[in-house]
Every structure is written in C-alpha cells, then in structure tokens.
Amino acid sequence: MENTYTYTARSAENPERVVTFTLHDTKMSVGAGVPLEQLEQAIARLTAEEEDEETPEAELWLKPLAVSLVERGTGPFNIEDVDADVDGDRLSVTGWVRLAGLRGGAITLMEGRIDNVAAATAFVDELESRKADLAKPVLPFDYWLTWVGMITSLVIFFVFWQRRRNAPRAAEGEQAEGATT
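Residues numbered from 1 in each chain as written. Predicted model: local features only at pLDDT ≥ 70, side-chain atom pairs only at ≥ 80, totals over all residues. Heavy atoms only, no water.

Observations concerning the pairing of strand β2 (residues 18–24)
With six of seven residues buried, β2 is to be regarded as a mostly interior element. Here strand β1 (residues 4–10) pairs with β2 via seven bridges, running antiparallel. Residue Y5 lies in a different strand from β2, and its bridge partner there is L23. (Buried < 20%, exposed > 50% of the residue type's maximum accessible area, 1.4 Å probe, protein only. Helix = DSSP H or I, 4+ residues; strand = E, 2+ residues; numbered from the N terminus. Pairing = 2+ DSSP bridges.)

Focus on the pattern of salt bridges
With the rule as written, the count across this model stands at six salt bridges. One salt bridge in this structure joins R113 and E13, with 2.3 Å as the shortest N-O distance. Of the two residues, R113 is situated in strand β7 (residues 102–113) and E13 in the loop between β1 and β2; the sequence distance between them amounts to 100 residues. Overall, the relative accessible area of 42% leaves E13 in the partly exposed class. (Salt bridge = Lys/Arg side-chain N within 4 Å of Asp/Glu carboxyl O.)

Re the side chain of D81
Relative to the assigned elements, D81 resides in the loop between β4 (77–78) and β5 (82–87). The residues contacting D81, other than those within four sequence positions of it, are T94, G95, W96, R98 and R103. (Contact = heavy atoms within 4.5 Å.)

So far we have only geometry, and geometry alone does not tell us how the molecule works.
Set out below in structure tokens:
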C-alpha cells in the first residue's frame, strides 16, 4: 500500500480502549483494539437492567467494533465519505456506508474523549488534505446542466415518439383522400 497514514485513538478515561484509523490511498479502514474481556464486560453493562455510569463509554468503544464488522461486508470507507472533527479533547469521526455505489447511511465511527489531542488534530488535517487532493473540479451549474440535458432529451424523445405514432394515421388519411377523388 502506498501513502499509508495510521492514527490510533485512545480513550482518555481508559487507555486500554483504542480504535485505529488507517488511511491508505483513497480509503480508510477502522480497527478496534478492544480485548475480548473488555468486550464481554461492556456487553454485560449494556444489557444490565440497572443504569451504569460507564454505559456511554462502553457504547463509545463498541461502535468501532461494529463498524469493523460492517467493513468486512462493505470494504474500507472511501475517504470522501468520512468526516472527522476535533473539539477540545473530543474526537468525532463519521462515515457513510455505500450500497451499490450509492450512499446508504451515516455511521458514527467514533465519538468521545481522547488522550492525545495533537495526534487527533494531525489525523483530521491529514484526512482533510487527502479529501482536498481527491476533490474533482466542479463546473458551475453542473447540477442544473444535468437537469436541462435530461429534460431536453425527454422532450426530443416525446416529439419523435409522437411523429412516429402519427405517421401511420397520416398515411391512412392520404389513402382515404386518394380513394374518394
């Protein structure tokens, strides 16, 4: 893989909980570094009937694991489909899952307090830089030009369809006129 950049987000409250984001060329992969014991504890907390103060933190670090499972079926995320932001000591990473090439829905890949704000900021800057490099030049009004082109094509199709449909009737009318004279 060329042009690889890896960032590991670590929980500010529990440094054993990590999520690894790897940028490679035009894609981003997500890897969860949750040990199985912690996963079992987090699931137990989530399914417990009593409210636990650590539940939001457990949910935070389960999301990347779920995303990692989604990635197995869909492949890595396109960089254009990933948004990341650092606000204070909180990192938020959101990605779009594509189905048959179309955006299917947004997934929060990670959102929570992290222990290294400088590294998170560098990751966000790198992601934005790669997105800017991939940005295609957009023609002014290209959205409107597409609609104008589609409507013009439909009008032309309709006109030719009407002429073809009326052509046999016109020929019948000419034959009927020729028979009466």
